[in-house]
Amino acid sequence: MSSQQPVSEKRRVFSGVQPSGEAHLGNYLGAFRQWVELQDRYDCLFCIVDQHAITGEYEPEDLPGRVFDMAVSLLAVGLDPDKCLLFVQSEVPEHTELAWLFNSVTPVGELERMTQYKDKSARLTSIPAGLLNYPVLQAADILVYLAEGVPVGEDQLQHLELCRGIARRWNAKYGVFFPEPQAIVSGTGRIMGLDGQAKMSKSLGNTVGILAEPEEIWSQIRKAVTDPQRVRRSDPGRPEVCNVYALHEFFTDPGQLPDIAEQCRTAGRGCVECKRILADSIAAEFAPFRERAAFYRERPQEVLAILARGAEQAGAIARQTMAQVRRSMGMDWRRAIDGALDGGAPSA
Ligand code: SF4
């Protein structure tokens, strides 16, 4: 049996990513590196969540390209369609159906308390309902697969807790069916952007694309903010407060780290040279990603076929879940009436 079959003895894990186009360093450290490891241990479903992407401003004509580029990025970093399901959210309509049903057990007050909703809505004069209901669709994304584990960054823990609450409330009302999924936290912690100010984001230009060429990687890394106390080349630095050093810990050979820290503290090596080592380390780690991305870009039909297979197999799981949910919520009325008619027509 192929490992893509939906039936598995392993615990099921779900995670999603917005179709933001080519992935960047922050996506890689915050999620994808972990996803590649998880696909060997769990029954994993990874989803490009295009229906979440429409809750903010976007250009419809750009969305297909962003979905495709994200799919290429995920395959490039090492997601293996023989080990996990990779698919696009809108190709499995059960996500949105379950989200609507979950709206009936989700208190508006809880949605209004979500930090991300408060932050985003505070910047808007007219707030789309989709922004408020975003975490309900996230809960449906996870629970339509009865997933027990969800790899999340710390900024998503509140939404996962809400998802657990939705599962609890639904179970209390309609009978125990949904698991209460657990967080699988990456342990990466918060990775600051290269500007040292904000989370990594392509729109802020404070990150590096995972498919960037070595020269592009260097041109971004050389601008990275370092220890503010290291003003002159001769000033001793503090690796523990420097974001460049934090990145060295992910990308540079661990055997080199003591020397990098020591050379920083003693001002033996300047920041430019230190960043050069980091840029080379990142370029080396990303080199196979560029090769795999080139392979898939030359074979777009292969990418589409992988996504179609993923959606078909994810859809099979989702349809089973929804059949049970509809029964429990009294929405299999046709079958119920047919059954009553079989047992004797109701009197007029
Ligand atoms: Fe950061 Fe390296 Fe400069 Fe030290 S030498 S402050 S670790 S960039």
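Residues numbered from 1 in each chain as written. Predicted model: local features only at pLDDT ≥ 70, side-chain atom pairs only at ≥ 80, totals over all residues. Heavy atoms only, no water.

## Remarks on the overall build of the protein
Selection criterion: Here a helix means four or more residues in a row that DSSP labels H or I, a strand means two or more in a row labelled E, and each is numbered from the N terminus. Relative accessibility decides the category of a residue: with a 1.4 Å probe and only protein chains considered, values under 20% of the type maximum give buried, values over 50% give exposed, and everything between is partly exposed. Contact criterion: two residues are considered in contact whenever any of their non-hydrogen atoms come within 4.5 Å of each other.
From N to C terminus, the protein includes 14 helices and five strands. Based on the C-alpha atoms only, the size of the protein along its principal axes is roughly 95 × 45 × 40 Å. Here the protein, with 348 residues, has 47% of them falling under the buried criterion. Counted over contacts in the protein with a minimum sequence separation of 6, partners at least 24 positions apart contribute 77%.

## Examining the nonpolar core
Cut-off, in case you're wondering: The criterion is simple. A nonpolar core is a set of buried Ala, Val, Leu, Ile, Met, Phe, Trp, Tyr and Cys residues joined through side-chain atoms within 4.5 Å. Domains are outlined according to an automatic or database domain assignment.
With 62 residues, the main nonpolar core has Tyr 28, Phe 32, Leu 74, Ile 217, Leu 247, Phe 251 and Phe 286 as its most contacted residues. Both domains that furnish three or more residues to this core are identified here as domain 1 (12-192 + 299-341) and domain 2 (214-295). Dropping the residues within four chain positions of it, Phe 32 is found in contact with Val 17, Ala 23, Asn 27, Met 70, Leu 74 and Val 77. Counting 42 residues, the second-largest nonpolar core is a separate cluster that includes Leu 101, Leu 111, Ala 140 and Ala 167.

## A look at the site of the ligand
Inclusion rule: Proximity is defined per residue: any heavy atom of the residue falling within 4 Å of a molecule or strand makes that residue near it. In this classification, the charged set is Asp, Glu, Lys and Arg, the nonpolar set is Ala, Val, Leu, Ile, Met, Phe, Trp, Tyr, Cys and Pro, and all remaining amino acids, among them Gly, are polar.
In the region of the ligand, the neighbouring residues are Thr 226, Asp 227, Arg 230, Cys 242, Val 244, Tyr 245, Cys 264, Cys 271 and Cys 274. Looking at the shell around the ligand residue by residue, the class counts come to six nonpolar, one polar and two charged.

## Comments concerning helix H4 (residues 94-103)
Stated formally: The arc refers to the directions leading from the helix axis to the C-beta atoms.
Along H4, the residues that are buried comprise Glu 94, His 95, Leu 98, Ala 99, Leu 101 and Phe 102. In an axial view of H4, the angular spread of the buried residues amounts to 165°, which keeps them on one side of the axis. Buried residues in H4 make contact with strand S1 (12-17), strand S2 (43-48), strand S3 (84-88), helix H7 (129-143), helix H8 (157-174) and helix H13 (300-328).

## As for the domain arrangement of the protein
This is how it is decided: Each of two parts loses accessible area, computed with a 1.4 Å probe, when they are put together; buried area is these two losses added. By definition, a salt bridge exists where a carboxyl oxygen of Asp or Glu is found within 4 Å of a side-chain nitrogen of Lys or Arg. Contacts described as polar in this section are N or O atom pairs within 3.5 Å, which, within protein, must combine one atom able to donate a hydrogen with one able to accept it, while residues neighboring in sequence count only if both atoms come from side chains.
The domain architecture assigned to the protein consists of domain 1 (12-192 + 299-341) and domain 2 (214-295). A C-alpha centroid distance of 35 Å is found between domain 1 and domain 2. At the interface, 13 residues of domain 1 touch eleven residues of domain 2. When domain 1 packs against domain 2, close to 1,100 Å² is buried across both sides, 67% of that on carbon and sulfur atoms. Between the two partners, domain 1 and domain 2, sit zero salt bridges. Applying the counting criterion to the domain 1 and domain 2 interface returns four residue pairs in polar contact (both at pLDDT 80 or more). Taken together, the residues of the side of domain 1 that touches domain 2 sort by class into nine nonpolar, two polar and two charged.

## Let's talk about the pattern of salt bridges
Taken as a whole and assessed by the stated rule, the structure comprises 18 salt bridges. For Asp 227, the salt bridge goes to Arg 238, with nearest N and O atoms at 2.7 Å. With Asp 227 in the loop between helix H9 (214-221) and helix H10 (243-251) and Arg 238 in the loop between H9 and H10, this residue pair connects regions lying eleven residues apart in the sequence. With a closest N to O distance of 3.4 Å, Glu 240 and Arg 265 form a salt bridge. With Glu 240 in the loop between H9 and H10 and Arg 265 in helix H11 (residues 257-265), this residue pair connects regions lying 25 residues apart in the sequence. Note on Arg 265: relative accessible area 42%, which makes it partly exposed. Three or more residues joined by partner-sharing salt bridges are found here, namely Glu 161, Arg 164, Arg 168 and Glu 180.

## Some thoughts on the packing of aromatic side chains
Keep this limit in mind: In this scheme Phe, Tyr and Trp rings, the latter by its six-membered ring, pair at centre separations within 6.5 Å, and the angle between planes marks the pair as stacked below 30 degrees, edge-to-face above 60, and tilted otherwise.
Under the criterion given, the structure shown has 15 aromatic pairs. Ring geometry for Phe 251 versus Phe 286: centroids 5.8 Å apart, planes at 90°, classification edge-to-face. One end of the pair, Phe 251, is in helix H10; the other, Phe 286, is in helix H12 (residues 271-297), with 35 residues separating them in the sequence. Residue Phe 286 is classed as buried on the basis of its relative accessible area, which comes to 0%. Pairing Phe 295 with Tyr 296 gives two aromatic rings, centres 5.1 Å apart and planes at 90°, and the pair type is edge-to-face. Judged by its relative accessible area of 11%, Tyr 296 is buried. Counting every residue linked through ring pairs, the aromatic cluster contains Phe 102, Trp 170, Tyr 174, Phe 177 and Phe 178.

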